[in-house]
Amino acid sequence: MSEHPQLNEWKELATKQMKGKPVESLDWMTPEGFKVKPLYTAEDLEDMATNTLPGMEPYLRGPMATMYAGRPWTIRQYAGFSTAKESNAFYHKGLAAGQKGLSVAFDLATHRGYDSDHPRVTGDIGKAGVAIDSVEDMKILFDGIPLDKMSVSMTMNGAVIPILAGYIVAAEEQGVSHDQLSGTIQNDILKEYLTRNTYIYPPESSMRIISDIISFCSKNMPRYNSISISGYHMMEAGANSVLQTAFTLADGVEYVKAAIKSGMDVDEFAPRLSFFFGIGMNFFMDIAMLRAARLLWHRLMSQFNPKNPKSSILRTHCQTSGWSLTEQDPYNNVIRTTLEAMTSVLGGTQSLHTNSFDEAIGLPTDFSARIARNTQIIIQEESQICQVIDPLGGSYYVESLTNSIINESLKIIDEIDEQGGMAKAIESGMPKMRIEESAARKQARIDQGLDVIVGVNKYKLADEKIDFDVREVPASVRDEQVARLERIKATRDSSKVEETLDNLTKVAKNGGNLLEAALPAVRARATVGEISDAMETVFGRFVPTTRCISGVYSSEYREDDKIIEDLKNRTAVFLEKQGRRPRLLVTKMGQDGHDRGFKVVASAYADIGFDVDICPMFQTPEEAAKMAIENDVHVVGVSSLAAGHKLLIPSLIEELSKVGGEDIIVIAGGIIPPADYEFLFNAGVQAIFGPGTPITDSADKTMCLLEEKYLD
């Protein structure tokens, strides 16, 4: 194709309007490493497969022929908190207000296979999702919600066997048969080892669980999606659009291979595979990501020779970014979520969850959830977007970005194949390291103001006030759950429970379908923790290796950057006067596995001259205090995300005092409502850094505390 006849004339006009600057000066580089020009034309689409139609191979323009013109996307709200009763009431309000499907968030104790009375989870019950200990909780959760008519999505991976079994039995006791159930279980364990960390068992055993669930659902629950292959948590952990695409699809290929290896034909299960992508603030890039993922999945599935066309179609749920939400000037988050929702829709998602604007501060309230839900309803009902199928198809810019993502993602997928597949790549640490490097680079760009976040590093409010309610889950929730557990155990047939759990352990050891074996245990009122323990007896519990990358954060700064140079000089002075570097222990207590924040902090502090130790995941306050003493640290930095800060951080300070660490400085960061700052200061915390705090600012404050204590 020849060059556009007016292109040179346009360049002359643009150069004139830019007062002599060349047009090329407008080029910019994306986080994925793509050079973006200010203008795209038809010439940029040469050799690209753009002449395709929706609902037809390779599904670039959408999985359905009519897309939203025939049926709009499903409006979901990912929700769950406190008790099953509280969450049930929240669901009923959402459904009455126009929500079309349920997406259940479980608390961290449930994710990790612990009952609410377990001593390791005292600060986690009901805080970041709903607490589910048995089928009795599950029945309350869906009370008044007909499971033969309502599609239910459940974000569960670690304790997926007892939770899915609990949902099935709750439906049975509603009179709903297995084949009437519709919805999705996430059941995506590989990404847990990469990012979210809510695993229980080692990878090999977890892959068996996934195969068993796919097999059971294929035979008994034909309307149910037995796995949702998730890139969302990779995005939240720092993956750019190429990394999210490549690693998500590579996970999908690994699951397909595992199912085929277990004896299933690809067409038995592949039509019910679904995906889950995270959508951030790079508007056109993420539209292109969804389009590229559909084409790539079709191409990757061809190696398995499916006969059913549906086996090669990528269907996806999307969720707007939680990481992009800011504590500062938080009403800006309504706008961010709206843009991200538009990205999802223009990219062709099949269902969508929109985050609430207050989630950088605490759990969403009824008020904020209504705004988030109405964001989707207004787009769907008022914008007329649904009238046209794939309105950006053929866009020079979007198609060019799509092609770039396809090519770069294939390079990473080929690299994974050379390592023997995604499971082997995860063992090598490659995907996790790439994501952490991406996160560190992004944070460095934000801290320098190179990537603008309104209200955080530009257009900041002079007087920041939080003038809306923040939802708080009371400690009494755990008491309620423990009381219900005691009642269940007192009234059930203990011998029947023991018999069914023993059989589950035998199946785990000798073979058989684990989900099928768990159903009798759930019917007998065995608990989530008991069922998880019955399998852990055979599989063991996975313990990860925690590593810290170095050099990435500081490499994004210029060599002569005065902020970094000053911090390095101050840590050098501390070394000279104290005989050792300032030493920081970074810990994330409780069962929350989101590790982006404290990994980026650890990397950055190491780059400016701190000696940094990282606690293993899922520490108790007692264990974190012990490690602080053993490592002889000056500072403990606590990362908090899951609303357990009012219990866990004071407990850590108390434990430090017990073991002679009362002089250790304790600082905190993460999702902590400003209204709780005074409580934590009174408990002994010396500095709190909310979301959006530049790491250089937190490091400056931390050095001030150290200099005041040790150098003055």
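Okay, so let's go over this structure. Remember, it's a predicted structure, so these values are computed and weren't measured experimentally.

So, the overall build of the protein chain
Check the secondary structure of the protein chain and you find 28 helices and 16 strands. Whereas a compact globule of 712 residues would reach a radius of gyration of roughly 27 Å, the protein chain reaches 26 Å, a difference of no more than 12%. Looking at the protein chain residue by residue over its 712 residues, the buried ones come to 59%. Of the contacts formed within the protein chain by residues at least 6 apart in sequence, a portion of 79% connects residues at least 24 apart. Here the protein chain has roughly 28,500 Å² of accessible surface; of this, 50% comes from carbon and sulfur atoms. Here the protein chain contributes 73 positive and 98 negative side-chain charges, whose respective centroids are spaced 2 Å apart.

Regarding the packing of helix H19 (residues 494–510) against helix H21 (residues 528–539)
Two elements in contact, H19 and H21, have axes whose closest approach is 8 Å; the angle formed by their N-to-C orientations is 35 degrees. Pair H19 / H21 crosses with right-handed handedness. Listed contacts from H21 to Val497, Leu501, Leu504, Thr505, Ala508 and Lys509 of H19 are Glu530, Ile531, Ala534, Met535, Thr537, Val538 and Phe539. Split into classes, the residues belonging to the contact of H19 with H21 amount to nine nonpolar, two polar and two charged.

Topic: the environment of histidine 645
Examined against the element boundaries, histidine 645 turns out to sit in helix H26 (residues 645–658). Taking relative accessible area as the criterion, histidine 645 reaches 4% and is therefore assigned buried. Residues histidine 645 and glutamine 591 lie 54 residues apart in sequence; the distance between their C-alpha atoms is 12 Å. Filtering out sequence-adjacent residues up to four positions away, histidine 645 remains in contact with Ser640, Pro650, Ile671, Ile672, Pro673, Asp676 and Leu680. In this structure the side chain of histidine 645 is engaged in a polar contact, spanning 2.7 Å, whose partner is the side chain of aspartate 676.

Let's talk about the sheet that holds strand E12 (residues 583–587)
Pairing is parallel across the open sheet formed by five strands, whose spatial order is E13-E12-E14-E15-E16. Each end of this open sheet is capped by a strand with a single partner; those strands are strand E13 (611–614) and strand E16 (687–689). Averaged over all adjacent pairs, the angle separating strand axes in this sheet is 20 degrees, with direction ignored. Looking at chain direction, E12 and strand E14 (residues 635–640) are connected through four bridges and run parallel. Across the sheet, residue leucine 585 finds its bridge partner in E14, namely valine 636. Helix-sheet contacts for helix H24 (residues 596–607) involve E12, E13 and E14, and the interaxial angle to E13 is about 160 degrees.

Observations concerning the pattern of salt bridges
Under the counting rule described, the total for this entry stands at 36 salt bridges. Here aspartate 137 and arginine 484 are joined by a salt bridge, their closest N and O atoms 3.0 Å apart. Taken together, the residues aspartate 137 in helix H5 (residues 135–141) and arginine 484 in helix H18 (residues 476–491) connect sequence positions 347 residues apart. Where glutamate 173 meets arginine 525, a salt bridge forms, and the shortest distance between an N and an O atom there is 2.9 Å.

Observations regarding the nonpolar core
Within the largest apolar cluster, 103 residues are counted, with the highest numbers of intra-cluster contacts made by Phe247, Phe269, Trp297 and Met422. Apart from the residues lying within four places of it in its own chain, the contact partners of tryptophan 297 are Leu249, Gly252, Val253, Val256, Leu273, Phe275, Ser311, Ser312, Ile313 and Leu314. One finds Ile163, Ala171, Tyr201 and Tyr224 within the second-largest nonpolar core, a separate group that totals 58 residues.

Some words on unusual backbone geometry
Note that the residue after glutamate 57, namely proline 58, is joined by a cis bond; omega there is 5 degrees. Residue placement: proline 58 occurs in the loop between strand E2 (35–36) and helix H2 (67–70). One non-glycine residue, lysine 19, lies in the positive phi region at around 55 degrees. Relative to the elements of secondary structure, lysine 19 occurs in the loop between helix H1 (7–17) and strand E1 (28–29). Using a relative accessible area of 79% as the deciding quantity, one classes lysine 19 as exposed. We note that arginine 525 has phi near 80 degrees; this positive angle belongs to a residue other than glycine. Examined against the element boundaries, arginine 525 turns out to sit in the loop between helix H20 (514–523) and H21.

Some thoughts on helix H17 (residues 430–448)
The end-to-end C-alpha distance of H17 is 27 Å, a good match for the 27 Å that 19 residues give at a rise of 1.5 Å each. For H17, the complete set of buried residues consists of Met430, Pro431, Lys432, Ile435, Glu436, Ser438, Ala439, Ala440, Gln443, Ala444, Ile446 and Asp447. Within two residues after H17, glycine 449 carries a phi angle of roughly 85 degrees, on the positive side.

Some remarks on a negative patch on the surface
Together, Asp493, Glu498, Glu499 and Asp502 make up a negatively charged patch on the protein surface. Within the secondary structure, aspartate 502 sits in helix H19.

Describing the packing of aromatic side chains
The relation between two aromatic rings is expressed through the spacing of the ring centres and the mutual angle of the planes. The tally for this structure, following the rule as stated, stands at 20 aromatic pairs. Taken together, the ring pairs in this structure connect Tyr40, Phe283, Phe284 and Tyr397 into an aromatic cluster. If you follow arginine 112 out to its NZ or CZ, it ends over the ring of phenylalanine 618, 3.5 Å from the centre.

A word on the environment of lysine 261
Relative to the helices and strands, lysine 261 resides in helix H10 (residues 241–261). Separated by 50 residues in sequence, lysine 261 and serine 211 place their C-alpha atoms 9.0 Å apart.

Notes on the pairing of strand E15 (residues 665–670)
With respect to burial, E15 is a largely interior element, five of its six residues being buried. Regarding the hand of the β-α-β motif, the stretch spanning E15, helix H27 (residues 677–683) and E16 is right-handed.

Some thoughts on the packing of helix H6 (residues 160–172) against H20
Where H6 meets H20, the axes come as close as 9 Å, and the angle between the chain directions of the two elements is 60 degrees. As summarised for this structure, H6 and H20 are arranged oblique, according to the angle between their axes. Judged by the twist between their axes, the crossing of H6 over H20 is right-handed. Between H6 and H20, the residues in contact are Ile161, Pro162, Leu164, Ala165, Gly166, Ile168, Val169 and Glu172 and Leu514, Leu515, Ala518, Leu519, Val522 and Arg523, respectively. The class makeup of the residues in the contact of H6 with H20 is eleven nonpolar, one polar and two charged.

Quick look at H18
Helix length check: H18 (16 residues) gives 23 Å between terminal C-alpha atoms against 22 Å at 1.5 Å per residue, within 8%. Of the positions making up H18, those classed as buried are Val477, Gln481, Val482, Arg484, Leu485 and Ile488. Around the axis of H18, the buried residues are gathered within 160 degrees of arc, so they sit on the same side. Every exposed residue of H18 that faces more than 90 degrees away from the buried side is listed here: Asp479, Glu486, Arg487, Ala490 and Thr491. The elements touched by buried residues of H18 are H5.

Notes on the side chain of serine 532
Position of serine 532 relative to the elements: it lies in helix H21. Not counting the four nearest positions on each side in its chain, serine 532 is found in contact with Gly113, Ala159, Pro162, Ile200 and Tyr201.

So, the pairing of strand E10 (residues 316–320)
In terms of burial, E10 is a largely internal element, five of the five residues being buried. Burial along E10 is two-sided: the face carrying Thr316, Cys318 and Thr320 and the face carrying His317 and Gln319 are both buried. Note that strand E9 (residues 273–279) and E10 share five bridges and pair parallel. Within E10, the residue paired with phenylalanine 277 across the bridge is cysteine 318. Tracing the backbone out of E9, into helix H12 (residues 283–301) and back to the parallel element E10 gives a crossover that is right-handed. Following the backbone out of E10, through helix H13 (residues 332–347) and into the adjacent parallel strand E11 (residues 351–353), one traces a crossover that is right-handed.

Calculation criteria
Starting afresh in each chain, residues are numbered from 1 along the sequence in its written order. Only residues with pLDDT of at least 70 get local features here, since the model is predicted, and only at 80 or more are side-chain atom pairs given and counted; chain-wide, interface and lining totals rely on the full set of residues. To obtain the side-chain values, all non-hydrogen atoms of the structure were included, while hydrogens and water were left out. Only DSSP runs of H or I with at least four residues qualify as helices, and only runs of E with at least two residues qualify as strands; both kinds are numbered from the N terminus onward. It is over C-alpha atoms that the radius of gyration is taken, and the globule rule equals 2.2 Å times the number of residues to the power 0.38. To sort residues, take the accessible area from a 1.4 Å probe on protein chains only and compare it with the maximum for the residue type: under 20% means buried, over 50% means exposed, and anything in between is partly exposed. Contact between two residues is taken to exist if any of their heavy atoms lie within 4.5 Å; hydrogens are not considered. Exposure was quantified through the Shrake-Rupley algorithm and a 1.4 Å probe, taking into account, for residues, occlusion by the shown protein chains and nothing else. Counting rule for charge: Lys and Arg are taken as positive, Asp and Glu as negative, and neither His nor the chain ends is counted. In this description, the location of a charge corresponds to atom NZ of lysine, CZ of arginine, CG of aspartate or CD of glutamate. Every axis corresponds to a line fitted to the C-alpha atoms, with the helix fit spanning only the stretch in contact, and the corresponding angles, defined between N-to-C directions, vary from 0 to 180 degrees. For any helix crossing, the convention is left-handed if the near helix is rotated counterclockwise from the far helix by under a right angle, and right-handed if that rotation is clockwise. Each residue is assigned to one class: nonpolar for Ala, Val, Leu, Ile, Met, Phe, Trp, Tyr, Cys and Pro, charged for Asp, Glu, Lys and Arg, and polar for all the others, Gly among them. Under this definition, polar contacts are N or O atom pairs within 3.5 Å; protein pairs additionally need one hydrogen-donor-capable and one acceptor-capable atom, and for neighbouring residues in sequence, both atoms have to be side-chain atoms. For two strands to pair, DSSP has to find at least two bridges joining them. When a carboxyl oxygen of Asp or Glu is within 4 Å of a side-chain nitrogen of Lys or Arg, the pair counts as a salt bridge. Throughout this description, the term nonpolar core refers to a set of buried Ala, Val, Leu, Ile, Met, Phe, Trp, Tyr and Cys residues connected via side-chain atoms within 4.5 Å. Expected helix span is computed as 1.5 Å times (number of residues minus one). In this analysis, a patch consists of residues with relative accessible area above 30% that form no salt bridge, clustered at 9 Å for like charges and at 5 Å for the nonpolar side chains Val, Leu, Ile, Met, Phe, Trp and Tyr. Stacked, edge-to-face and tilted are the three classes for Phe, Tyr and Trp ring pairs, Trp counted by its six-membered ring, which pair at centre distances within 6.5 Å; planes under 30 degrees apart are stacked, over 60 edge-to-face, the rest tilted. Both a distance and an angle decide whether a charge sits over a ring: NZ of Lys or CZ of Arg must be within 6 Å of the ring centre and within 35 degrees of the ring normal. For the handedness criterion, the strands are oriented away from the viewer, and a crossover whose path from the first strand over the helix to the second runs clockwise is classed as right-handed. For classification purposes, angles smaller than 35 degrees are called roughly parallel, those larger than 145 roughly antiparallel, those between 65 and 115 roughly perpendicular, and all remaining angles oblique. Here the arc refers to the directions that run from the helix axis out to each C-beta atom.

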